[in-house]
Amino acid sequence: DTEVTQTPKHLVMGMTNKKSLKCEQHMGHRAMYWYKQKAKKPPELMFVYSYEKLSINESVPSRFSPECPNSSLLNLHLHALQPEDSALYLCASSHGEGNTEAFFGQGTRLTVV
Amino acid sequence: KQEVTQIPAALSVPEGENLVLNCSFTDSAIYNLQWFRQDPGKGLTSLLLIQSSQREQTSGRLNASLDKSSGRSTLYIAASQPGDSATYLCAVHMDSNYQLIWGAGTKLIIKP
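Each chain carries its own residue numbering, running from 1 in the written order of its sequence. As a convention, the first chain written is A and the first ligand written is 1, with the rest following in written order. The predicted origin of the model limits local features to residues at a pLDDT of at least 70 and limits the giving and counting of side-chain atom pairs to 80 or more, whereas totals for whole chains, interfaces and linings rest on all residues. Just so you know, side-chain values use all the structure's heavy atoms and leave hydrogens and water out.

I keep staring at the state of the cysteines and nothing clicks. Help me out?
Working definition of a disulfide: a covalent bond connecting the sulfur atoms of two cysteines. The term disulfide is used for any two cysteine sulfur atoms that are within 2.5 Å. Using the criterion set out here, one finds two disulfides over all chains in the structure. The disulfide partner of Cys-23 of chain A is Cys-91 of chain A, and the gap between their sulfur atoms is 1.8 Å. Here the disulfide of Cys-23 of chain A and Cys-91 of chain A is left-handed, its torsion about the S-S bond being about -70°. Linking Cys-23 of chain A in strand S3 (residues 18-25) with Cys-91 of chain A in strand S9 (residues 87-94), this pair joins segments that are 68 residues apart in sequence. For the pair shown, Cys-23 of chain A and Cys-91 of chain A are each scored as buried. The disulfide that involves Cys-23 of chain B links it to Cys-90 of chain B, with 2.0 Å between the sulfurs. In this structure, the disulfide formed by Cys-23 of chain B and Cys-90 of chain B twists by about 80° around the S-S bond and is classed as right-handed. With Cys-23 of chain B in strand S3 (residues 19-25) and Cys-90 of chain B in strand S9 (residues 86-93), this residue pair connects regions lying 67 residues apart in the sequence. Cysteine Cys-68 of chain A is unpaired, with the sulfur of Cys-23 of chain A as its nearest cysteine sulfur at 9.3 Å. Type-normalised accessible area, obtained with a 1.4 Å probe on protein chains alone, sets the label of each residue: buried when under 20%, exposed when over 50%, and partly exposed for intermediate values. By relative accessible area, which is 13% here, Cys-68 of chain A ends up buried. Strands here are runs of E lasting at least two residues and helices are runs of H or I lasting at least four, both read from the DSSP assignment and numbered beginning at the N terminus.

The following block contains the structure:
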């Protein structure tokens, strides 16, 4: 099983809403990632969790708040987003410990209105 | 600073042709290189991972090669099919940390 599952697939939210994106993997991977992807661009790294600890935060605005409740789950909490935050949000995981092959979910298409 | 380039940005070929997608990188001290496929509006599917010590990897009709000294990787697709139409991205790890450095992708269209 090389599956990373993201929910929801689509999300429309207002600028005053609070919502969360969810990601789950059962491959025993110890590194999990959030990426943001705009149209016709490669993914941009937002956050990395390694062994459930935040190891990389790529200067992401505080309106994005990641959480890693356990080794299989990764959440991204959204609050007071701007229309320019509309994008495809991708979750990925890798084994860790030198094995960096990344597996991606199908993404959440976020639209901020 | 590592830079990854994919040329061409778009490619359209008739069904059945063999084709090569190119990926070049400026710093040869890579840890590994990974090829992905992305369908419109979807996530990324990992196609092949080549470790820095390897010269090539094969999966079905796909073959990826790596030449670190020249800073190049190629993805060879044999007997192309319309279902191969997608954007293909390559990305490199510089070491065993978690950051991938991405090319901009090649959009491939296979005409029936």
